[in-house]
Amino acid sequence: MDTVMVAVGVISLILLVLGLGTWVFAGLVIVALGSLVWLGDFSLDRAGLILSRILFRAGSSWELSAIPLFIFMGELIFRSNISERLFRGLEPWTNRVPGGILHTNVVGCALFAAVSGSSAATTATIGKITTTELARRGYDRNLSIGSLAGAGSLGLLIPPSIVMIVYGVQAEVSISQLFMAGVLPGILIALLYSGYIVAITLKQPHKAPRSVDVTATFLQSLWLLSPVLLLIALVMGSIYSGVATPSEAAAVGVAATLVLLGCERQLSWNMFREALAGTVLSATMVCSILVAAALLSTAMGYLHLPRELASYIASLELSPAMLLLALALFYIVLGLFLDGISITVMSLPITLPIVILGGFDPLWFGVFLVIMVELGQITPPVGFNLFVLQGLTGERIGRVAYSAIPFFLLMCVAALLVSIFPEIALWLPHKLTG
């Protein structure tokens, strides 16, 4: 069958199963099986035998164990008072800067992202404190909501990132190096956000009235920030020093979190049970999608679709810039309808061979892809961060989406800078690993 017809058939199957409201992992299995049987002329027995082997191999991947552990760590922190202490600890440092405690949205999300790995968890945890406090102190509502929507997406980029683990498993790229590659781009985006807040509040000071009721001194603030800083140091330090793999570092993080909450008398059986239940739900969803994506990737390989499409795009002789622009538009459109993990697992079997053929580093592309996925977190109609903020603030989804527009554009600027200067992503892993 012609490659174009096969591609159209696969895309049609995907749109059909998603349009019917099928669960993503079930939809991926249906598309994988249907593609082999209907488009590849495989017998049902042969297709089932192929997919059963892939199912076992993908499900027993050691790297996947990091996902439930990092989710469990985030669930425990979410149910503690660490997020409240994080806000109070950042307050003395941000109150003197133009924009005031609006910067706690950006810095707080960046710090929490380094112990969570989830965009939605980062947005919800920081937002449950800052949205109320910023409203009480008269800060501009749109700027407050928009900065939180944008900064919350840093949970996908700043390590440990669950999406990066998913990408690393699929693309067979070192997860440790992916974590290193995400640090500087994450800091770059945070600086762009804070720079925008400074610029807009210098021009319109009424959007960020100076607070006078800061209760913590600088010394006290360091004590308040110490739990998050300690967890970051333990998790990321163990990875970057080579002492632990990402999966082992996740176990270190969970153990440290349990000890910390136990010492502070915050750990209870109810908290542990609720965190464990939330972890089971989230981790089952993520891992089942990832395993189903391995089935789809295998099916695409048997149909020779990635190789044929890569060859076709290569024949178009697109410049690297045009290829990246096409991929960026493709991912932005996907982000309108799918969550980040689904985007990654469904697109990678097709886009990764094209990227490698185009001469791009798979490590760098992982960072570029995560930034594209971040954009999808703040674009309607399926922007998860927007839904989280709607629930926190009670505002209409239209207003939440409108407030996020400047930060969407700033993230596009970050993607452009990372594309023009790939060393922003590659310098740290090359420096640390030689």
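These remarks concern the structure in this document.

Calculation rules
- Residues numbered from 1 in each chain as written.
- Predicted model: local features only at pLDDT ≥ 70, side-chain atom pairs only at ≥ 80, totals over all residues.
- Heavy atoms only, no water.
- Helix = DSSP H or I, 4+ residues; strand = E, 2+ residues; numbered from the N terminus.
- Expected span 1.5 Å × (residues − 1).
- Bend = angle between axes of the 7 residues up to and from the residue.
- Phe/Tyr/Trp six-rings, centres within 6.5 Å; stacked < 30°, edge-to-face > 60°.
- Buried < 20%, exposed > 50% of the residue type's maximum accessible area, 1.4 Å probe, protein only.
- Contact = heavy atoms within 4.5 Å.
- Salt bridge = Lys/Arg side-chain N within 4 Å of Asp/Glu carboxyl O.
- Patch = residues over 30% accessible without salt bridge, like charges linked within 9 Å, V, L, I, M, F, W, Y side chains within 5 Å.
- Areas by Shrake-Rupley, 256 points an atom, 1.4 Å probe, with all protein chains shown as cover.
- Axes fitted to C-alpha atoms, helices over the stretch in contact; angles between N-to-C directions.
- Parallel < 35°, antiparallel > 145°, perpendicular 65-115°, else oblique.
- Left-handed = near helix turned anticlockwise from the far one by under 90°.
- Nonpolar A, V, L, I, M, F, W, Y, C, P; charged D, E, K, R; others polar.

1. Describing helix α10 (residues 175–203)
The terminal C-alpha atoms of α10 lie 42 Å apart, and with 29 residues this matches the ideal 42 Å at 1.5 Å per residue to within 8%. Where α10 bends most, at V183, the angle is about 25°, and the proline P185 comes one to four residues later.

2. Section: the packing of aromatic side chains
By the definition in use, this model includes nine aromatic pairs. Plain terms: the ring middles of Y196 and F407 are 5.4 Å apart, the flat faces sit at 80° to each other, and that makes the pair edge-to-face. Here Y196, found in helix α10, pairs with F407, found in helix α19 (residues 397–420); they are 211 residues apart in sequence, far enough to count as distant. Exposure remark for Y196: the relative accessible area of 25% places this residue in the partly exposed category.

3. Considering the environment of T122
For T122, the location among the structural elements is in helix α7 (residues 119–136). T122 sits in the buried class, given a relative accessible area of 0%. As a C-alpha pair, T122 and S153 span 31 residues in sequence and 7.7 Å in three-dimensional space. In contact with T122, not counting residues within four places along its chain, are C109, F112, A113, S116, G127, G152 and G155.

4. Thoughts on the pattern of salt bridges
Tallied over the full model, the rule gives nine salt bridges. In this structure, E133 and R137 form a salt bridge, with 3.1 Å as the shortest nitrogen-oxygen distance. A relative accessible area of 16% places R137 in the buried class. A salt bridge links R141 to E395, with the nearest nitrogen and oxygen atoms 3.2 Å apart. With R141 in helix α8 (residues 141–152) and E395 in the loop between α18 (384–393) and α19, this pair connects stretches of sequence that are 254 residues apart. By relative accessible area, E395 is classed as buried at 18%. Each member of the salt-bridge network shares a partner with another, and the members are E91, E133, R136 and R137.

5. Here we look at the side chain of K207
For K207, the location among the structural elements is in the loop between α10 and α11 (218–240). The contacts of K207, once residues within four sequence positions are left out, are Y139, D140, L143, I200 and T201.

6. Some remarks on a nonpolar patch on the surface
There is a patch of nonpolar side chains on the surface, built from L316, L318, M322, L325 and L329 and spanning about 450 Å² of accessible area. Among the secondary structure elements, L329 is positioned in helix α15 (residues 320–335).

7. A closer look at the packing of helix α6 (residues 103–116) against α8
The interhelical angle for the contact between α6 and α8, taken along N-to-C directions, is 15°, at an axis separation of 9 Å. When the axis of α6 is compared with that of α8, the two are roughly parallel. Handedness of the crossing formed by α6 with α8: right-handed. Contacts from N105, V106 and C109 of α6 reach α8 at S144, S147, L148, A151 and G152. Of the residues in the contact of α6 with α8, the class split is four nonpolar, four polar and no charged.

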